[in-house]
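One letter stands for each residue in the lines below.
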Amino acid sequence: QVQLVESGGGLVQPGGSLRLSCAASRSISDIFRMGWYRQAPGKQREWVARIISGGSPNYADSVKGRFTISRDNDKNTVYLQMNSLAPEDTAVYYCNLRLKILGQDYWGQGTQVTVSS
């Protein structure tokens, strides 16, 4: 079992920035994949960004060039730096982890991001 705890959400004005953090309860140095998803009111959960073991970060087209995913293996933490935020980025953001390529997915509890003036 793996616990994921997100933090860093909040209210920000359009054009602003936030950094989300996701702390895992075990080492992330050998996991298959970690990433971020989001779910806006009335919409399905969508993928935002991910890091796959041995690969480069991948981003959804809607956030490419504005969001950056990174990891700190020493802290067992993955981050999502979000710049140039827009109202359409408003959602609950969820951290996701998969230990093995065919393993189960683990989810955090979510952190609310609201972009509004």
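My aim in this report is to walk through the structure given alongside it, one point at a time. (Residues numbered from 1 in each chain as written. Predicted model: local features only at pLDDT ≥ 70, side-chain atom pairs only at ≥ 80, totals over all residues. Heavy atoms only, no water.)

This part covers the overall build of the chain. In terms of helices and strands, the chain carries zero helices and eleven strands. Taking 13 Å as the expected radius of gyration for a compact globule of 117 residues, we find that the chain reaches 13 Å, a close match to that expectation. Of the contacts made within the chain by residues no fewer than 6 positions apart, 54% connect residues no fewer than 24 positions apart. Summed over all atoms, the accessible surface of the chain reaches about 6200 Å², with 46% contributed by carbon and sulfur. Averaged over its 13 positive side-chain charges, the chain has a centre that lies 3 Å from the centre of its 9 negative ones. (Helix = DSSP H or I, 4+ residues; strand = E, 2+ residues; numbered from the N terminus. Rg over C-alpha atoms; globule rule 2.2 N^0.38 Å. Contact = heavy atoms within 4.5 Å. Areas by Shrake-Rupley, 256 points an atom, 1.4 Å probe, with all protein chains shown as cover. Lys, Arg positive; Asp, Glu negative; His and termini not counted. Charge placed at Lys NZ, Arg CZ, Asp CG, Glu CD.)

Let us look at the packing of aromatic side chains. Tallying each qualifying case throughout the model produces one aromatic pair. Both rings, one in Tyr 37 and one in Trp 107, keep their centres 4.9 Å apart while their planes meet at 70 degrees; by these two values the pair is edge-to-face. Taken together, the residues Tyr 37 in strand β4 (residues 33-39) and Trp 107 in strand β10 (residues 105-107) connect sequence positions 70 residues apart. Using a relative accessible area of 34% as the deciding quantity, one classes Trp 107 as partly exposed. In this arrangement the basic side chain of Arg 45 is found over the ring face of Trp 107, its NZ or CZ atom lying 4.6 Å from the centre. Taking NZ or CZ as reference, Arg 50 lies 4.6 Å from the ring centre of Trp 47, over its face. (Phe/Tyr/Trp six-rings, centres within 6.5 Å; stacked < 30°, edge-to-face > 60°. Buried < 20%, exposed > 50% of the residue type's maximum accessible area, 1.4 Å probe, protein only. Lys NZ or Arg CZ within 6 Å of the ring centre and 35° of its normal.)

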